[in-house]
Amino acid sequence: MSKSYPALVAYEPNPKPNWKVETVKIVRAPNEKELKIRMVATGICHTDIVLAGISGPPGLEFPRIFGHEGAGIVEEVGTGVTAAKVGDPVLLSYKFCGECELCFDHQEPYCLKWNELNISSVPRVFENEQGQTVGAGFFQQSSFAGASIVNEGAVVNVKDLLRDAEELKLLAPLGCGFLTGSGAVLNVARPTPNDVVMVLGMGGVGLAALMTAHMLGCKTIIAVDRVASRLDMAKELGATMILNTNVPGYDLTAEARRAVGERRITHVIDTTAHPAVIAAALAALGKRGRFIQLGAPGLDAELKIGFSDFFTNGKTFENVYLGNTTGQEHIPKMIQWYHEGKFPIDKLVKYFPVKDALQGLHGMESGTAIKPIIVW
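One structure accompanies this document, and this report is about it.

Each value, and the rule that gives it
Counting of residues starts from 1 at the beginning of each chain's written sequence and follows it residue by residue. Residue-level local features of this predicted model are given only where pLDDT is at least 70; pairs of side-chain atoms are given and counted only at 80 or more, and the full residue set underlies all totals for whole chains, interfaces and linings. Water and hydrogen atoms were dropped before computing side-chain values, which therefore reflect all heavy atoms in the structure. Runs of H or I in DSSP of at least four residues are treated as helices and runs of E of at least two as strands, each being numbered from the N terminus. Computation of the radius of gyration draws on C-alpha atoms, with the globule rule given as 2.2 Å multiplied by the number of residues to the power 0.38. Burial classes: relative accessible area under 20% of the type maximum marks a residue as buried, over 50% as exposed, and values in between as partly exposed (1.4 Å probe, protein chains only). By the convention used here, residues are in contact when the closest approach between their heavy atoms is within 4.5 Å. Residue-level accessible areas treat just the shown protein chains as cover; the underlying method is Shrake-Rupley with a 1.4 Å probe. We count Lys and Arg on the positive side and Asp and Glu on the negative side, and we leave His and both chain ends out. Charged groups are reduced to one reference atom each: NZ for lysine, CZ for arginine, CG for aspartic acid, CD for glutamic acid. For two strands to count as paired, DSSP must find a minimum of two bridges between them. Where helices are involved, their axes are fitted lines through C-alpha atoms of the stretch in contact, as for all axes, and angles between N-to-C directions lie from 0 to 180°. For this document, the term salt bridge refers to a Lys or Arg side-chain nitrogen within 4 Å of an Asp or Glu carboxyl oxygen. Here a crossing is called left-handed whenever its near helix is offset anticlockwise from the far helix by less than a right angle, and right-handed whenever the offset is clockwise. Throughout, the ten residues Ala, Val, Leu, Ile, Met, Phe, Trp, Tyr, Cys and Pro are labelled nonpolar, Asp, Glu, Lys and Arg are labelled charged, and all others, Gly among them, are labelled polar. By this rule the span expected of a helix is its residue count minus one, scaled by 1.5 Å.

A short note on the overall build of the protein chain
(1) Moving on: For the protein chain, the count of helices and strands is 12 helices and 17 strands.
(2) Moving on: Rg of the C-alpha trace for the protein chain: 20 Å, near the compact-globule value of 21 Å for 376 residues, within the 12% margin.
(3) Moving on: The proportion of buried residues among the 376 residues of the protein chain is 55%.
(4) Moving on: In the protein chain, the share of contacts with a sequence separation of at least 24, taken over all contacts with a separation of at least 6, comes to 69%.
(5) Moving on: As displayed, the protein chain offers around 16100 Å² of accessible surface, 52% of which is attributable to carbon and sulfur atoms.
(6) Moving on: One way to put it: in the protein chain the 36 positive side-chain charges average out to a point 4 Å from where the 39 negative ones average out.

In structure tokens, the structure reads:
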């Protein structure tokens, strides 16, 4: 017999994301290599908001349930599942095929089947109150529902990593946002203490990057944002300089250069995906500097750069997905850092009961909630 669960459902954009908190039913049991997870919490990521506002691409039909930073308890397992047993606490991330040339080369975030596995809807999982099919399988989890059918490939078993059951709620965002920011610094930037790192955007991804740079001993970390409270948090978490761009006519290139004086900005990490901000920071990047792009741009976004400066000064620009890592590899590291006091994610989160999920979405958009977490 199907059971009903509260959920945050995205309907056809009008033109902005069109969310409704309502009840859905799970209409089938787990298939092979699938688990039924009762969610206890899920982080809200900017990607959820962006894709909920895009109409038309195949695999993104509406209505559907987004959410890809889930945390929950296993209630049922399908045949062949080895990642977890009934009753185990799990965190959820993304799935990769494990068979393509990029997966074989340990570049799982760039899996050749990534969109097919993580974006396209999985059929016949949810129905809404009107009996209409609701798309599932976002990042193989669709964690904006009180329970979901999840592919084993997205599961990270944390039964031996938690200090207590309540901690599971706090750790939900490790599956994407915090993984993306911290992994990019640890696995790609790899800054030394003498490097100068500038992070653009003090949301969850940017602050995770900043905390990781601080943990690695970077002596100069520049935090850039337009929200004063977020910059205050950045200072608390290790930023040595802050640049508040919320000033008419602010010249980020000039101010960044002025902040470092004769020193060279060696790394820029962008989480804003704002072309004007990216261009200004790229111009401020020092010779042989490395620009690491984490934020996902809109479909029509275009970037105009000073190509001569970029070429003459030997700068590099690299897109990095999901921290160049996997949930299975990186989540245990972040949990250990948190337990050691090096990665204080508890300072970044704000909890919203599912009935107030829309407030969490608006809080992320307005900047009043750095990392909103929906709890059931």
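Concerning the sheet that holds strand S6 (residues 122-128)
(1) Moving on: A sheet is described by the order of its strands in space; here four strands give the open sequence S1-S2-S6-S7, paired in antiparallel fashion. Only two strands of the sheet have a single partner each, and these edge strands are strand S1 (3-11) and strand S7 (133-136). Ignoring which end each strand starts from, the neighbouring axes of this sheet average 55° apart.
(2) Moving on: Of the strands in this sheet, S1 and strand S2 (18-26) touch helix H12 (residues 357-366), which is tilted by about 135° from S2.

So, the pattern of salt bridges
(1) Moving on: Taken as a whole and assessed by the stated rule, the structure comprises 16 salt bridges.
(2) Moving on: Here arginine 28 and glutamate 34 are joined by a salt bridge, their closest N and O atoms 2.8 Å apart.
(3) Moving on: Look at glutamate 34 and you get buried, because its relative accessible area is 10%.
(4) Moving on: The residue glutamate 340 makes a salt bridge to lysine 342 at a minimum N-O spacing of 3.2 Å.
(5) Moving on: Judged by relative accessible area, which is 41%, glutamate 340 ranks as partly exposed.
(6) Moving on: What emerges from the salt-bridge pattern is a single network uniting Lys36, Arg38 and Glu75.

Side note on the packing of helix H5 (residues 177-189) against helix H6 (residues 204-215)
(1) Moving on: Axis separation between H5 and H6 bottoms out at 7 Å; the angle between their running directions is 35°. As for how H5 packs across H6, the hand of that crossing is right-handed. For the pair H5 and H6, the contacting residues are Gly177, Phe178, Thr180, Gly181, Ser182, Val185 and Leu186 in the first and Gly204, Val205, Ala208, Ala209, Thr212 and Ala213 in the second.
(2) Moving on: Split by residue class, the contact of H5 with H6 holds seven nonpolar, six polar and no charged.

Here we look at H6
(1) Moving on: Taking 1.5 Å per residue, 12 residues should reach 16 Å; H6 reaches 16 Å between its end C-alpha atoms and fits that length.
(2) Moving on: When you tally the buried positions in H6, you get nine out of 12 residues, the bulk of the element.
(3) Moving on: Among the residues making up H6, those that are buried are Gly204, Gly206, Leu207, Ala208, Ala209, Leu210, Met211, Thr212 and Ala213.
(4) Moving on: Contact partners of the buried residues in H6: H5, strand S10 (196-200), strand S11 (220-225), helix H7 (228-237), strand S13 (267-270) and helix H11 (327-339).
(5) Moving on: In the stretch just after H6, glycine 217 is the one whose phi turns positive, near 95°.

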